[in-house]
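So you can see what is in the structure, the chains are spelled out below.
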Amino acid sequence: MSKQNAASAAPQENKMGVLPVGKLLADMAIPMMISMLVQALYNVVDSVFVSRISENALNAVSLAFPLQNLMIAFGSGTAVGMNALLSRSLGAKQQEQVDRAANTGMFLFGCTYVLFALIGAFLSRPFFLAQTHDAEIVGYGVDYASICLIFSFGIFAQFCFERLLQSTGRTKLSMMTQLIGAVINIVLDPILIFGWFGLPRLEVKGAAIATVAGQIIAAIIGLFVNLKKNPEIHIRAKLVRWHSATAGEIYRVGVPSIIMGSIGSVMTFGMNKILIAFTTTATAVFGAYFKLQSFIFMPVFGLNNAMVPIVSYNYGAGRYDRVRQGFRFCVKWGTLFLVAAGIVGYIFAPQLVAVFRNDPEVVAFGTVAMRCQCITFPLAAYALVKDKKATMGFERTMNDGEIMRRLARYARPYLSKFLIVGVLMLFSIAYDIISPLIVGRIEELVAGEFELRGLFLGVSVYAGVLVFSMGSTYLQAVILQRVGQRIISDLREDLFSHIESLAHEQLNEIPVGKL
């Protein structure tokens, strides 16, 4: 009986460690892909409804997109770092680190919200004035961006609570919270934009309010679901604080993703500035196309996000064959999806652009842009997975600067010896400078009034300087040799200690050069 109870009390292995990788990726990726599509719907739905107001309203929302994309970059990057650390800790059965990753991640999302709330309150107008001086576009844009950024705690909390669910494999619950938020946004958009059911017509402001309302409600539901349905993570108010080591681990993986996403925002901002100088129609086309492309790519991002907890969990558990399978499946299915999406996008480009604004000029511009980009879609899946693999540390290479920093740690205990060598090198350099002067003086004595005493003194000085220089050179070689041998000995000791700490499975699976 006691054995039975012990067996029943034993923790059950998480599905990320036992299910076949292909089945597991499909099981987790499909809800995530739907979740990411729903996330993209926020911007797409806003643009579709706002385009019915006027072209300037659509332009305003398009010009606001870099700010929204920047929020997504920071939120998604931080979430990827938190997700990877949390799943890896789960695989290694480190519960304390699991809880610390979750609670520190919540603190980091809170700090990110404060940053963007300040940007929304004080920099929204300068941001739009930097792109256009059309008063109507600027007015619409400030209304939209300030509301989205000041109330952005909803989107950051949504990122946090959804990724906590995803990191433990509960992707269906994560999808449910996002679907509820998207449905609320879609329902509220026309009601608030056009003033249905007796409500005031808020136009662009209504689109922004509908967006943040959907995000805040989804975040509240996400918190509730985590507290009730996610027992592997313990959210504690006292643990929601800064923890340097955990934040460093989160951002080690998250910062590259943040930078890559931010580059897209900078590019969009620059393109908007260039295009609006020619015509506002081109800006509207670019904004509509970019949101359409983001919508198409969201399933691949979802596949990537499903891969993160799977490979992190199995990496933490030492199951490297499953890590490689996860990457291969992701590249294969992502490429197949984008090939199909590229074909459909190329054929139906006019109809897709017309969803945003059925204006002949807009459709003509948008069709050309859409078809040019569709040709490149098949290559994107491999690039996205490769980038994710690198940011997670699985394809990490060290540059010269990092190698020097690591070696400096071994050289630091012998700093006094290096200083002695530096002084001795100065003596050698001094000999190279002084010796020609002494030889020249001796030649003058021989060529002029020959004095045996002066010649003997000059030769003695030269011989003394030469012996001293040879002695300093010899000491340099001896000291550097001994210090070098000690450093190599320290390196070997650390290397062998690291190898001895690895499990037999790791020794079999990890390539020799990466041990």
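Rules used in this analysis
- Residues numbered from 1 in each chain as written.
- Predicted model: local features only at pLDDT ≥ 70, side-chain atom pairs only at ≥ 80, totals over all residues.
- Heavy atoms only, no water.
- Helix = DSSP H or I, 4+ residues; strand = E, 2+ residues; numbered from the N terminus.
- Buried < 20%, exposed > 50% of the residue type's maximum accessible area, 1.4 Å probe, protein only.
- Areas by Shrake-Rupley, 256 points an atom, 1.4 Å probe, with all protein chains shown as cover.
- Expected span 1.5 Å × (residues − 1).
- Arc of directions from axis to C-beta.
- Phe/Tyr/Trp six-rings, centres within 6.5 Å; stacked < 30°, edge-to-face > 60°.
- Lys NZ or Arg CZ within 6 Å of the ring centre and 35° of its normal.
- Axes fitted to C-alpha atoms, helices over the stretch in contact; angles between N-to-C directions.
- Parallel < 35°, antiparallel > 145°, perpendicular 65-115°, else oblique.
- Left-handed = near helix turned anticlockwise from the far one by under 90°.
- Nonpolar A, V, L, I, M, F, W, Y, C, P; charged D, E, K, R; others polar.
- Salt bridge = Lys/Arg side-chain N within 4 Å of Asp/Glu carboxyl O.
- Disulfide = S-S within 2.5 Å.
- Contact = heavy atoms within 4.5 Å.
- Patch = residues over 30% accessible without salt bridge, like charges linked within 9 Å, V, L, I, M, F, W, Y side chains within 5 Å.
- Core = buried A, V, L, I, M, F, W, Y, C linked by side-chain atoms within 4.5 Å.

So, the overall build of the protein
Helices and strands together make up the secondary structure of the protein, namely 19 helices and zero strands. By residue count, 46% of the 515 residues in the protein fall in the buried class. Of the roughly 25,600 Å² of accessible surface on the protein, a fraction of 68% belongs to carbon and sulfur atoms.

Looking at helix 14 (residues 360-374)
Side chains of residues three or four places apart in an α-helix project in the same direction, reflecting 3.6 residues per turn. Taking 1.5 Å per residue, 15 residues should reach 21 Å; helix 14 reaches 21 Å between its end C-alpha atoms and fits that length. Along helix 14, the residues classified as buried are V362, V363, G366, T367, M370 and C374. Seen along its axis, helix 14 keeps its buried residues to an arc of 125°; they face one direction.

Topic: the packing of aromatic side chains
In this structure the tally under the stated criterion is eight aromatic pairs. Between the aromatic rings of F127 and F128, the centroid separation amounts to 5.4 Å while the plane-to-plane angle is 90°, which identifies the pairing as edge-to-face. With respect to class, F127 is no different from F128; both count as buried. The interplanar angle of 85° and the centroid separation of 6.5 Å between the aromatic rings of W196 and F197 together place this pair among those described as edge-to-face. Since its relative accessible area comes to 70%, F197 is described here as exposed. Ring pairs connect the aromatic residues F49, F194, W196 and F197, which therefore count as one cluster. Across the ring face of Y346, the terminal group of R371 is positioned such that the distance to the ring centre comes to 5.2 Å. Here the guanidinium or amino end of R409 rests over the ring plane of Y410, the centre of that ring lying 4.6 Å away.

Looking at the packing of helix 3 (residues 55-91) against helix 10 (residues 244-276)
The axes of two packed helices give the description: the angle between them and the distance between them. At a minimum axis separation of 7 Å, helix 3 and helix 10 run at an interaxial angle of 165°. The orientation of helix 3 with respect to helix 10, classified from their angle, is roughly antiparallel. Relative to helix 10, the crossing made by helix 3 is right-handed. Looking at the contact of helix 3 with helix 10, its residues break down into 16 nonpolar, 14 polar and three charged.

Overview of the pattern of salt bridges
Scanning the entire structure with this criterion turns up three salt bridges. The salt bridge partner of R252 is E249, with a shortest N-O separation of 3.7 Å. Note that R252 and E249 are positioned in helix 10 at a spacing of three residues, about one turn of the helix. The partly exposed category is assigned to R252, whose relative accessible area is 35%.

Regarding the state of the cysteines
What the rule picks out here adds up to zero disulfides. Among the cysteines around C372, which has no disulfide bond, C374 carries the closest sulfur, lying 9.3 Å off.

Things to note about the environment of I137
Relative to the helices and strands, I137 is located in helix 6 (residues 135-150). Between the C-alpha atom of I137 and that of T280, which follows or precedes it by 143 residues, the distance is 9.9 Å. Those residues within four positions of I137 in sequence are excluded, and the remaining contacts are N56, N59, A60, L63, T132 and T280.

As for a nonpolar patch on the surface
Taken together, the side chains of V339, I343, V344, Y346, I347, F348 and I375 define a hydrophobic patch exposed on the protein surface, amounting to about 650 Å² of accessible area. Among the secondary structure elements, I347 is positioned in helix 12 (residues 320-347).

Focus on the nonpolar core
Generally speaking, nonpolar side chains in soluble globular proteins are found buried as a group. The biggest cluster of nonpolar side chains holds 50 residues, and the ones touching the most others in it are L86, F128, Y144 and L164. If you list the elements that add at least two residues to this core, you get helix 3, helix 4 (95-122), helix 5 (124-129), helix 6, helix 7 (153-167), helix 9 (204-229) and helix 10. Broken down by element, the residue count for this core peaks at 12 residues, all from helix 3. Apart from residues no more than four positions distant in its own chain, F128 is found in contact with A60, L63, A64, V138, G141, V142 and A145.

Brief notes about the packing of helix 7 against helix 9
Following both chains from N to C, one finds helix 7 and helix 9 inclined at 30°, their axes separated by 8 Å at the closest point. Viewed along their axes, helix 7 and helix 9 adopt a mutual orientation that is roughly parallel. The two elements helix 7 and helix 9 cross, and the hand of that crossing is left-handed. Facing F153, G154, I155, A157, Q158, F161, L164 and L165 of helix 7, the residues of helix 9 in contact are Q215, I216, A218, A219, G222, L223, V225 and N226. Among the residues making up the contact of helix 7 with helix 9, the classes are represented as 11 nonpolar, five polar and no charged.

Quick look at helix 8 (residues 171-194)
Compared with the 34 Å implied by 1.5 Å per residue over 24 residues, the 35 Å span of helix 8 between its first and last C-alpha is a close match. G195 lies just past helix 8 and shows a positive phi near 70°.

A look at the environment of I259
Within the element layout of this structure, I259 appears in helix 10. On the basis of relative accessibility, which here comes to 46%, the residue I259 falls in the partly exposed class. Separated by 182 residues in sequence, I259 and G77 place their C-alpha atoms 8.4 Å apart.

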